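# Examination of the molecular architecture
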Amino acid sequence: MTDSKYFTTTKKGEIFELKAELNSDKKEKKKEAVKKVIASMTVGKDVSALFPDVVNCMQTDNLELKKLVYLYLMNYAKSQPDMAIMAVNTFVKDCEDPNPLIRALAVRTMGCIRVDKITEYLCEPLRKCLKDEDPYVRKTAAVCVAKLHDINAQLVEDQGFLDTLKDLISDSNPMVVANAVAALSEIAESHPSSNLLDLNPQSINKLLTALNECTEWGQIFILDCLANYTPKDDREAQSICERVTPRLSHANSAVVLSAVKVLMKFMEMLSKDLDYYGTLLKKLAPPLVTLLSAEPELQYVALRNINLIVQKRPEILKHEMKVFFVKYNDPIYVKLEKLDIMIRLASQANIAQVLAELKEYATEVDVDFVRKAVRAIGRCAIKVEQSAERCVSTLLDLIQTKVNYVVQEAIVVIKDIFRKYPNKYESVIATLCENLDSLDEPEARAAMIWIVGEYAERIDNADELLESFLEGFHDESTQVQLQLLTAIVKLFLKKPTETQELVQQVLSLATQDSDNPDLRDRGYIYWRLLSTDPVAAKEVVLAEKPLISEETDLIEPTLLDELICYIGTLASVYHKPPSAFVEGGRGVVHKSLPPRTASSESTESPETAPAGAPSGDQPDVIPTQGDLLGDLLNLDLGPPVSGPPLATSSVQMGAVDLLGGGLDSLMGDEPEGIGGPNFVAPSAATVPANLGASMGSGLSDLFDLTSGVGTLSGSYVAPKAVWLPAMKAKGLEISGTFTRQVGSISMDLQLTNKALQVMTDFAIQFNRNSFGLAPAAPLQIHAPLSPNQTVEISLPLNTVGSVMKMEPLNNLQVAVKNNIDVFYFSTLYPLHILFVEDGKMDRQMFLATWKDIPNENEAQFQIRDCPLNAEAVSSRLQSSNIFTVAKRNVEGQDMLYQSLKLTNGIWVLAELRIQPGNPSFTDLELSLKCRAPEVSQHVYQAYETILKN
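Residues numbered from 1 in each chain as written. Predicted model: local features only at pLDDT ≥ 70, side-chain atom pairs only at ≥ 80, totals over all residues. Heavy atoms only, no water.

## Here we look at the environment of Glu-17
With respect to the element layout, Glu-17 can be found in helix H1 (residues 14–22). With relative accessibility at 35%, the residue Glu-17 sits in the partly exposed group. Once the C-alpha coordinates of Glu-17 and Ala-33 are considered, the two residues, 16 residues apart in sequence, prove to be 9.0 Å apart. (Helix = DSSP H or I, 4+ residues; strand = E, 2+ residues; numbered from the N terminus. Buried < 20%, exposed > 50% of the residue type's maximum accessible area, 1.4 Å probe, protein only.)

## Some thoughts on the side chain of Ser-514
Assignment of secondary structure puts Ser-514 in the loop between helix H28 (500–511) and helix H29 (517–532). Residue classification places Ser-514 among the buried residues on the basis of a relative accessible area of 9%.

## Some remarks on unusual backbone geometry
The amide bond that connects Glu-807 to the next residue, Pro-808, takes the cis arrangement and shows omega of -5°. Phi is positive for Lys-402, which is not a glycine, with a value near 60°. Of note, Lys-402 is situated in the loop between helix H22 (388–400) and helix H23 (404–420). Non-glycine residue Asn-881 carries a positive phi angle of around 65°. Structurally, Asn-881 is set in the loop between helix H37 (870–878) and strand S10 (883–890). Judged by its relative accessible area of 5%, Asn-881 is buried.

## Some words on the sheet that holds strand S7 (residues 811–817)
One open sheet holds the three strands; their spatial order is S4-S7-S8, and the pairing between them is antiparallel. A strand with exactly one partner marks an edge of an open sheet, and here the two such strands are strand S4 (763–766) and strand S8 (822–828). Put simply, the sheet's adjacent strands are angled 25° from each other on average, direction ignored. (Pairing = 2+ DSSP bridges. Axes fitted to C-alpha atoms, helices over the stretch in contact; angles between N-to-C directions.)

## What about the pairing of strand S13 (residues 924–930)?
When a strand is regular, its side chains alternate between the sheet's two faces. Most of S13 is tucked away, with six of its seven residues classed as buried. Where strand S9 (residues 858–863) lies against S13, six bridges are found, and the strand directions are antiparallel. From the neighbouring strand, Gln-862 faces S13, where its bridge partner is Glu-925. In this sheet, S13 lies alongside strand S12 (residues 907–914) in antiparallel orientation, the contact comprising six bridges. Note on S13: the bridge partner recorded for Ala-910 is Leu-928.

As structure tokens, this is what we get:
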């Protein structure tokens, strides 16, 4: 009979009976009783009362009974630590048992009993097992070291177990090697700074030898370890690749992906001219294709990894398009992923095949899939120019089906095709206009409005079409309202006589009846432009648009390189670095691909780096942001092009502010009121002060100014505040503040002893925080702190500690220890202590960066009651490392353009408006732009603190 009978009993008073059975003299009865105890424990009953009786059963030769007792022990040792010590002698004895299975069982259980009191008793048995003659015992002991390290790291280091583990890498048995590597990797992960896995060509050779003979999970540990090694040259990289390649034909998909990770990483070091490079590319395709014949969940993981591989090296799978064609019974998540990869692999050679497939998909029943398929046709047109015509005719066929969601998706992608190929396919506009009434999704409505506005001169009834949208203006989404405003202004500039009423109507709806600041600001810009100089308005609004790029959803290159190093892990499925989703315990190490050797061509030549870009420190701030926080190296810093500043469809107030010499410099000295008939400019009070200029004049003007540079007088220091009151810390009171002087950050502390006993042995520690703040030296208080005595001390800080995003961002959790106890408190540090001295950005760089940062990252603030003039503001901010890049006066307002840089490499750009010489108007307006928008609120607080103190 099976053991399921033990789980069916529901008797009461069972504990008493079990106690009697456990103490029985009959071996069989004893075993039955232990099985019943384990069954009760498994279903959640509390059988901890039987602890001493179960532990007595350990003295047995029966392996099955011993396993059951050990299982019980692991479960209850934590709640009964004093009783668990009774079992120590048996462990020690079992570690010397002649049967290797019992020795291994004892050492495995020892590692699972997480009780501090017991750990020191286990060191001696563990040391013996690590040097045991049987490899099964040694491999079990290797894993036990990692478990023990997790409980008490110091003990493991003191006992020399880490050195023994390193020796096991040279063991004759491959499974022992694999477990030693796994244990060392686990320990190294929790201590990224310790160089435990000190890999060199000799140890790599041993690992590669063991790779062929150990189990599949052993192979994965070894391959992951190899992936962290950087070969010294391309010959060594090639040699490792040759020995890892056979793993590609393994039956376990995890082994295959780990091998692919190693090969993808080391290929970076191989020259593309090598014959071996081509051979390796060919060998990588079949295993990846084979992964797609597994069950759907595995297919999805494989596809997410293939998506990364195809972005890095599309040539690997360029001939394998057919395997990514969708099967009718694929789950939706697999279908969508396959579709994505099809687009990435689309080329002139296979586009006919791909389009035929996509057209089929567009007639499916699954709405999400059909939408993505229609969008994919548009992406094909943009990616492969030769196929654009076929794609457009395919989209027109789909529009004729009159299926609502198909029509809407088709219109959205046709808009992009018009952007990519101007004056080529506009003949289809008539067909699009026929479907105007069926559009109910904001994105499709906005796309259609853009098309009507952009090609108004070709559409006879453009004014009627736009007017039909205007009727429900307030019910539309913001996206549609902004697009409608721009489209009607375009229409007015093309057909001024017929559409004057329409444009008046939309401008008053946008500026007077709307609560949305973006819409209002854009309305005012257009109003002022049109009323002041329609010619300039025409140049700005109807300017030629830049062509859109082929691939808009590629992963940013540095992030892609990091994700390639994480193939086969969760990071490769989420397409986010581990730092974005791993919370707590472990320090996450940023990985990157090895640099290319001199013999291979770099994928990106150094000449492409912009001249003024800051040097390449990757900012590794606030981990949850993932790829949002790129550095500034990818900006295009060519000379300013003549032409319009921005495509009007995305103009927002903050971005435009930067591009101007104000209206006067934009329009020359012509008098106001040249605008169209009956145009009235809104009053100056309600109009944004500094509006769009043409690039030729405005941009160069802006940066031909001397910057307002003050003298260095040290950053603002807040007065000391009480951080830890005496009543919460047994008489110890701690006050403090933060300072930054000449590049050094320090925490200035005042410690007061309000207790009746002397305090000694002070130490301090910080929890992980958003910017890696950590003490740069111990807390040194040389003499004991007597009752009623106060001591002041300055603790130097650095920013190389562990990083974890805090809430709020500038929260710092501190632990202070003395001879009495450990005390905890938290404080908020002012962000300006993190503003670095080299935070002054080059002017061209400033302009390019401001335009490059998305408008939604802009934040607007007001600093109230600050009666300083521009020079005083600039000088005061400069002393706290906020640098003025340029200054100008627009319509009586002083505009300061400023930059600052945080210790982790994040730049923040600012525009500060000051009303000089007006005592009744002392508020300053501050606009901040940054790639990590969560920083803006704290930068604003720093501005306010510095300017008001």
